[in-house]
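So you can see what is in the structure, the chains are spelled out below.
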Amino acid sequence: MSHPRKDLDALIHSPVRFSLLAALRNLEDVDFRFLADLLEVSDSSLSQTLTVLLDAGLIDVRKEAAGRRTRTWVGITDAGRAAFNRHLAVLQAIVDSGPEHPADRTRGDEPS
């Protein structure tokens, strides 16, 4: 039997990508500025994160004109939601894989 950590999605496990998908999972499309503020990341970091997730098909990004500016909207795809849910299930499996009782631990240095 293999440890559940081996099933973690390395693409999602990055703290910023994980946080972004967690936010999008519960929101409709949100704008770039909202996400940057919510995640407390620089525009450059958010842009790089969006590119990685977009290339993987986990998010959609659309741009629309707003006066002289362009607003960027971000949403999670069905594939992104499914991947995030699988990742959460693996995290739960890791939590559940630990011993239920302290006495279940096997350590050579415990008193008899």
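Residues numbered from 1 in each chain as written. Predicted model: local features only at pLDDT ≥ 70, side-chain atom pairs only at ≥ 80, totals over all residues. Heavy atoms only, no water.

A.B. asks: Can you lay out the overall build of the protein for me, pointing to particular residues and giving the numbers?
C.D. replies: Each helix and strand counted, the protein has 5 helices and 3 strands in total. When the helices and strands of the protein are read in sequence order from the N terminus, they spell out α-α-β-α-α-β-β-α. Evaluated residue by residue, the protein yields a buried proportion of 28% over its 112 residues. Put simply, 56% of the contacts in the protein that link residues at least 6 apart link residues at least 24 apart. With the model as given, the accessible surface of the protein reaches about 7,700 Å², and the carbon-plus-sulfur share is 50%. (Helix = DSSP H or I, 4+ residues; strand = E, 2+ residues; numbered from the N terminus. Buried < 20%, exposed > 50% of the residue type's maximum accessible area, 1.4 Å probe, protein only. Contact = heavy atoms within 4.5 Å. Areas by Shrake-Rupley, 256 points an atom, 1.4 Å probe, with all protein chains shown as cover.)

A.B. asks: Tell me what's going on with the layout of surface pockets, and back it up with residues and numbers.
C.D. replies: If you add up the space inside the largest pocket, you get close to 160 Å³. As for the largest pocket, its lining consists of Asp-31, Phe-32, Arg-33, Asp-43, Arg-69, Thr-70, Arg-71 and Thr-72. Counting only elements with at least two residues in the lining of the largest pocket, the list comes to α3 (32–39) and β3 (69–76). Sorting elements by how many residues they give to the lining of the largest pocket places β3 first, with 4 residues. (1 Å grid on protein atoms, 1.4 Å probe; cavity = no way out; pocket = protein on both sides within 12 Å on 5 of 7 lines; lining within 4 Å. Points joined across faces, edges and corners; volume = space filled by probe spheres on them.)

A.B. asks: Explain the environment of Leu-38 residue by residue, including any values.
C.D. replies: By the secondary structure assignment, Leu-38 is in helix α3. Take Leu-38: its relative accessible area is 43%, and that puts it in the partly exposed class. Through-space distance from the C-alpha of Leu-38 to that of Leu-20 is 8.9 Å; in sequence the pair is 18 residues apart.

A.B. asks: I'd like a rundown of the packing of aromatic side chains, residues and numbers included.
C.D. replies: The full count for this structure, using the stated rule, is 1 aromatic pair. Look at Phe-18 and Phe-84: their rings are 5.2 Å apart centre to centre, the planes differ by 40°, and that puts the pair in the tilted class. Of the two residues, Phe-18 is situated in helix α2 (residues 15–25) and Phe-84 in helix α5 (residues 78–96); the sequence distance between them amounts to 66 residues. On the basis of relative accessibility, which here comes to 24%, the residue Phe-18 falls in the partly exposed class. (Phe/Tyr/Trp six-rings, centres within 6.5 Å; stacked < 30°, edge-to-face > 60°.)

A.B. asks: So what's going on with the packing of α3 against helix α4 (residues 43–55)? Which residues, and what values?
C.D. replies: For the pair α3 and α4, interaxial distance at closest approach is 10 Å and the crossing angle is 110°. With respect to each other, α3 and α4 are oriented roughly perpendicular. On α4, the residues touching Phe-32, Arg-33, Leu-35, Ala-36 and Leu-39 of α3 are Asp-43, Leu-46, Ser-47 and Leu-50. Per-class residue counts for the contact of α3 with α4 are 6 nonpolar, 1 polar and 2 charged. (Axes fitted to C-alpha atoms, helices over the stretch in contact; angles between N-to-C directions. Parallel < 35°, antiparallel > 145°, perpendicular 65-115°, else oblique. Nonpolar A, V, L, I, M, F, W, Y, C, P; charged D, E, K, R; others polar.)

A.B. asks: Go over the sheet that holds strand β1 (residues 30–31) with me, naming the residues and quoting the values.
C.D. replies: Taken in spatial order, the 3 strands make up an open sheet running β1-β3-β2, and their pairing is antiparallel. At either margin of the open sheet sits one strand with a lone partner, and together these are β1 and β2 (59–66). In the sheet, β2 pairs with β3 via 8 bridges, with the strands oriented antiparallel. Along β3, the bridge assignment pairs Arg-62 with Trp-73. Along the sheet, α2 makes contact with β1, β2 and β3, crossing β3 at roughly 85°. (Pairing = 2+ DSSP bridges.)

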